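Listed here are the chains, written in short residue letters.
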Amino acid sequence: MVPTDLILAGAVLLLALAIDRLIGDPHSAYHPVALLGRFIGWWGQPARYSPGIQRTAGILFWLVTVCLFALPFFLFGTFAPWLLFLIGAPFLLKCCFAWRSLEEHALGVVAALENSVDKGRERVKLIVSRETAQLDAEHIRSAAFESMTENLTDSIVSPLFYFALLSLFGLGLVGAAFFRAANTMDAMLGYRDERARLGWCSARMDDVLNYIPARITTLFLLAWFLTKGTAARAWQVMRRDGKKRPGFNGGIVMAAMAGGCGIRFEKPGVYTIGNGEQSLETGGLAILHALRAVTVSFAAIMAGTLILLAWLIHSTGI
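In every chain, residue numbers begin from 1 and rise along the written sequence. Per-residue local features of the predicted model are confined to residues with pLDDT of at least 70, and side-chain atom pairs are confined, for both listing and counting, to 80 or more; whole-chain, interface and lining totals are unaffected and use all residues. Excluding hydrogens and water, the side-chain values take into account all heavy atoms of the structure.

Undergrad: Describe in detail the environment of Arg 204, supporting the description with residues and values.
TA: Here a strand is any run of E in DSSP of at least two residues, a helix any run of H or I of at least four, and the numbering for each starts at the N terminus. Among the structural elements, Arg 204 can be located in helix α9 (residues 200-228). Buried means the residue's accessible area, taken with a 1.4 Å probe over protein chains only, is under 20% of the maximum for its type, while exposed means over 50%, and partly exposed covers the values in between. In this structure Arg 204 comes out as partly exposed when scored by relative accessible area, which is 37%. C-alpha separation for the pair Arg 204 and Ala 303, spaced 99 residues apart in sequence, amounts to 29 Å.

The following block contains the structure:
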């Protein structure tokens, strides 16, 4: 690994974060993730396959999808001159994570609720898969802030983690793209309905890929809540409620967030996470601040680590 490559990777990470904050996600049918979604939608229809081959088809198409999506990122990262890489790579990396958009979706639900509960229900349906027709205002806020909290890992920490990790091998953009493809397939196919067999591989691989980033996210949340004096409560709720939500990644992050912010996440009839010392109407801002703190601090530490490694390699000649 050439030290300048690591310095470039660190700069690209910080520039991508700044670009995301400034422009968010452009709503375009030609956005790479939109194109990815259409491809998954084409092959991800259980009716195309007999039940006996759905799991095999899901595995094969999972491999094809991650390879196809990551290929342009690999070609650009391999052959682009350093100046073109510095200009273009932040935009490619930005395609693989969503910070501003994540906030906008949740805050859009809150704004819709100010008009009416019905408006809130309509808006929250865009970001969650649960039935919303009978949700009251607090449960609507819960669905929105749950989505934002869970996606702190899926949409921010994980893609940046894999970018930084694979930058050690000159494949940072490939790492971020690989994860984005895998996570998008899980979001579209990883359900326990008629898609269960076809989406089995997508769901399992998403669990595996998010395992370490989810725990890193939790550590950063605990560190943030330590500055707020609520880390002990966050830890207690995480230990108590972290396994209430299906899956072994999202629950610990949601429980740490609920405990640290003193709020309650609830999906009626499925789980209740947190003590609810305050409502989400008043505590939602604390969730937003925690998400921003984790995003900025994690990105800064990842970029700083890459630059520090470059300095160590240069200084020691490793």
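Undergrad: Can you break down the packing of aromatic side chains residue by residue, with the values?
TA: Pairing of aromatic rings covers Phe, Tyr and the six-membered ring of Trp, with a centre-to-centre limit of 6.5 Å; geometry is then stacked below 30 degrees between planes, edge-to-face above 60, and tilted otherwise. This structure, assessed with the given rule, holds 11 aromatic pairs. Between Tyr 162 and Phe 179 the ring centres are 5.8 Å apart and the planes differ by 15°, which places this aromatic pair in the stacked class. Placement of Tyr 162 in helix α7 (residues 137-167) and of Phe 179 in helix α8 (residues 172-189) is noted, with a sequence separation of 17 residues between them. Its relative accessible area of 1% is what places Phe 179 among the buried residues. An aromatic cluster is present here, built from Phe 39, Trp 42, Trp 43, Tyr 49 and Phe 61 joined pairwise through their rings. The ring centre of Phe 97 lies 5.4 Å from the NZ or CZ of Lys 94, which sits over that ring. Two limits define a charge over a ring: the Lys NZ or Arg CZ must be within 6 Å of the ring centre, and within 35 degrees of the ring normal. In this structure, Arg 215 packs its charged tip against the face of Tyr 211, placed 3.7 Å from the ring centre.

Undergrad: Can you break down a nonpolar patch on the surface residue by residue, with the values?
TA: Taken together, the side chains of Leu 71, Phe 74, Leu 75 and Phe 79 define a hydrophobic patch exposed on the protein surface, amounting to about 400 Å² of accessible area. For Leu 75, a relative accessible area of 41% corresponds to the partly exposed category. In this analysis, a patch consists of residues with relative accessible area above 30% that form no salt bridge, clustered at 9 Å for like charges and at 5 Å for the nonpolar side chains Val, Leu, Ile, Met, Phe, Trp and Tyr. Computed with the Shrake-Rupley method and a 1.4 Å probe, the accessible areas treat only the protein chains shown as cover for residues. Each reported salt bridge corresponds to a side-chain nitrogen of Lys or Arg within 4 Å of a carboxyl oxygen of Asp or Glu.

Undergrad: Lay out the layout of surface pockets in plain terms, naming residues and giving numbers.
TA: Computed over the protein atoms alone on a 1 Å grid, cavities are sets of points where a 1.4 Å probe fits but cannot get out and pockets are open sets with protein on both sides within 12 Å along at least five of seven lines; a residue lines them when it has an atom within 4 Å of a point. Grid points are joined across faces, edges and corners, and a volume is the space filled by probe spheres set on the points. Estimates place the volume of the second largest pocket at around 260 Å³. Looking at the second largest pocket, it is lined by 18 residues, and the ones nearest its centre are Asp 5, Gly 77, Phe 85, Gly 170 and Leu 171. When contributions to the lining of the second largest pocket are tallied by element, the ones reaching two or more residues are α1 (3-23), α3 (54-79), α4 (82-94), α7 and α8. Take the lining of the second largest pocket: its biggest share by element is 4 residues, from α3.

Undergrad: Outline the packing of helix α6 (residues 117-124) against α7, listing residues and values.
TA: Fitted lines through C-alpha atoms serve as axes, helices being fitted only where they are in contact, and the angles separating the N-to-C directions of these axes extend from 0 to 180 degrees. Direction vectors running N to C along α6 and α7 enclose 25°, while the axes themselves pass 10 Å from each other. As summarised for this structure, α6 and α7 are arranged roughly parallel, according to the angle between their axes. As α6 packs across α7, the resulting crossing turns out to be left-handed. Of the residues in α7, those touching α6 at Val 117, Gly 120, Arg 121 and Val 124 are Ala 137, Ile 140, Ala 143 and Ala 144. Note that Gly is not counted as nonpolar here; it falls among the polar residues with everything else outside the nonpolar set of Ala, Val, Leu, Ile, Met, Phe, Trp, Tyr, Cys and Pro and the charged set of Asp, Glu, Lys and Arg. Classifying every residue of the contact of α6 with α7 gives 6 nonpolar, 1 polar and 1 charged. Note on angle classes: values under 35 degrees are labelled roughly parallel, values over 145 roughly antiparallel, values of 65 to 115 roughly perpendicular, and the remainder oblique. The sense of a crossing depends on the near helix, which, turned anticlockwise from the far helix by less than a right angle, makes the crossing left-handed and, turned clockwise, makes it right-handed. Should any heavy atoms of two residues lie within 4.5 Å, those residues are counted as being in contact.

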